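# Understanding the architecture of this molecule
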Amino acid sequence: MAKGKKTVYFCQNCGHEENKWLGQCPACKQWNTFVEEEVVASAGSAGKGRSGTGQSSGQARAVTLAQIEKEREERYTSHIAELDRVLGGGIVPGSLVLVGGDPGIGKSTLLLQLCQKLAGDERDVLYISGEESLQQIKMRAMRIGSFTDHLKLMCETSLDTVRATIEREKPQVVVIDSIQTMYSELVSSAPGSVSQVRESTNVLLQIAKGLGITIFIVGHVTKEGQVAGPRVLEHMVDTVLYFEGDRYATYRLLRSVKNRFGPTHEIGVFEMSSDGLREVANPSEFMLEGKPDAAPGSVVVCCMEGTRPMLVEVQALATRTSFGFPRRTASGCDFNRINLLIAVLSKRLGIDMSDEDAYVNIAGGIRLNEPAIDLGIVLALVSSYRNKVIDENMMVFGEVGLSGEVRGVTMPEQRVLEARKMGYTTCILPQASMRAVKGVTGIELIGVRHIGEAVAKLS
Ligand code: TYD
Ligand code: MG
């Protein structure tokens, strides 16, 4: 083996590094994920990358805070309001943004639309694709609309060429689609491997910080939901956005899970149409589309996605079990939570569902993990069990504790206002949250302390 080179073993799931092969990764506990990769001991990127960006370490100088503000432009808008929201108010010059998601979810489409808007704003944009040919990109672009000449495209996988092109063209924004196709000659392992992905991201990071160019990186996600090649990448970038959605539904959620320049857990909502992604400004309306009228087991809850309230329908179905052992399923919410709430119902209200199958579904294919939907699940279950319709102009929220108490949740006012905006006339909410919504008029507010009080309102 050549001098200066060594081989190490990387877990392909989480990027954990070991000197020897192991059957199970000690970090992420996955089996059979270690692959041998050759690394350059002198970490070629560190020296080369920095001098390449025109800020060689010899000239680097420390600056005061006041100086930084003068040099740097504030954020600018992407002209896609939903994207601006998840980025924390716009694009920050010199930031590195990772856009992850399943294949086919619409990452390339979203970023091409971003390029379209920015180029229309007379910003120079460079779109580098390692996955598709120029013809394929053109076909996609024709579906989306017209583009100005401020957008330049290139098909390339060699990191050296990419770097040279960016340094020559000096665009304001670069899109790399995808990081798994980028290839550095310094690293001998295959594109997409942990060391290649790490090296490529490192080089792009130096370009972004050195030249003040914003770089959007597309990363594919593995089955486990991590960006392949993966957590290594999340540490290095400034912002991590995940593009998710049900394969069979048209809406897509763009979620920020890490953001050095803004709040996390914000979501942007899009709809995939025949001419690209459309923004959904009113997700509640979208999520409640197709809600049945006057059906037992259906109730509307309000969850918060970041700072944004969203009304969603919770459905429950309780039917007599045909085998001795009752079935419970949860889709879109936590299975254990369902079991817990059924146990609370049985112990605190004497509603015994031990010979009832119970199915709970969050309509629309969205996943909710917020405890504020607990009360909605409880009411939907009771409604289906007793075959009693819940008033369709009613919205509920509240966390349910083990004694059956209804506990306060965050941001009650936003939730109530969203319900009023959507035309709901009644809202059942935790008594503890009543003080925060005192000033709200135009909707009847019913504060409850215990699930018993909420269930009593059903009839
Ligand atoms: P794409 O952006 O290629 O996904 P990714 O880059 O995340 O792999 O999205 C591809 C899907 O979107 C594909 O199934 C076709 C669909 N699509 C539309 O429905 N309408 C459109 O206008 C475009 C461009 C794509
Ligand atoms: Mg793509």
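Higher on the page you've got the structure.
For the structure given in this document, a descriptive report is provided here. Because the structure is a prediction, the values reported are computed rather than measured. (Residues numbered from 1 in each chain as written. Chains lettered and ligands numbered in written order. Predicted model: local features only at pLDDT ≥ 70, side-chain atom pairs only at ≥ 80, totals over all residues. Heavy atoms only, no water.)

So, on to the site of ligand 1. Taken together, 15 residues form the shell around ligand 1, and within it G104, S108, T109, S273 and G276 come nearest. I105 places a polar main-chain atom, nitrogen or oxygen, 3.4 Å from an oxygen atom of ligand 1. Contacts to ligand 1 include R140, whose side-chain N or O atom sits 3.0 Å from an oxygen atom. In isolation ligand 1 has 560 Å² of accessible area, and contact with the protein removes 75% of it. Elements with a minimum of two residues in the shell around ligand 1: α4 (107-120), α5 (134-144) and β11 (267-273). For the shell around ligand 1, the leading source of residues is α4, giving 3 residues. Considering only residue class, the shell around ligand 1 consists of 3 nonpolar, 7 polar and 5 charged. (Near = heavy atom within 4 Å. Polar contact = N/O pair within 3.5 Å; in protein donor to acceptor, adjacent residues only side chain to side chain. Areas by Shrake-Rupley, 256 points an atom, 1.4 Å probe, with all protein chains shown as cover. Helix = DSSP H or I, 4+ residues; strand = E, 2+ residues; numbered from the N terminus. Nonpolar A, V, L, I, M, F, W, Y, C, P; charged D, E, K, R; others polar.)

The geometry of an aromatic ring pair comes down to the distance between the two centres and the angle between the two planes. For the coordinates displayed, the defined rule picks out 2 aromatic pairs. Plain terms: the ring middles of F243 and F270 are 6.0 Å apart, the flat faces sit at 80° to each other, and that makes the pair edge-to-face. Placement of F243 in strand β9 (residues 239-244) and of F270 in strand β11 is noted, with a sequence separation of 27 residues between them. No difference in accessibility class separates F243 from F270, as the two residues are buried. For the cation-ring pair, R123 lies above Y76, with the distance from its terminal atom to the ring centre recorded as 3.7 Å. Between R415 and the ring centre of F397, over which it is positioned, the NZ or CZ distance is 5.5 Å. (Phe/Tyr/Trp six-rings, centres within 6.5 Å; stacked < 30°, edge-to-face > 60°. Buried < 20%, exposed > 50% of the residue type's maximum accessible area, 1.4 Å probe, protein only. Lys NZ or Arg CZ within 6 Å of the ring centre and 35° of its normal.)

So, about the packing of helix α10 (residues 335-349) against helix α11 (residues 374-386). Where α10 meets α11, the axes come as close as 10 Å, and the angle between the chain directions of the two elements is 65°. Every pair of crossing elements has a handedness; the one defined by α10 and α11 is right-handed. Residues R337, I338, L341, I342 and L345 of α10 form the contact with α11, whose participating residues are D374, I377, V378, L381 and V382. Here the contact of α10 with α11 is composed, by residue class, of 8 nonpolar, no polar and 2 charged. (Axes fitted to C-alpha atoms, helices over the stretch in contact; angles between N-to-C directions. Left-handed = near helix turned anticlockwise from the far one by under 90°. Contact = heavy atoms within 4.5 Å.)

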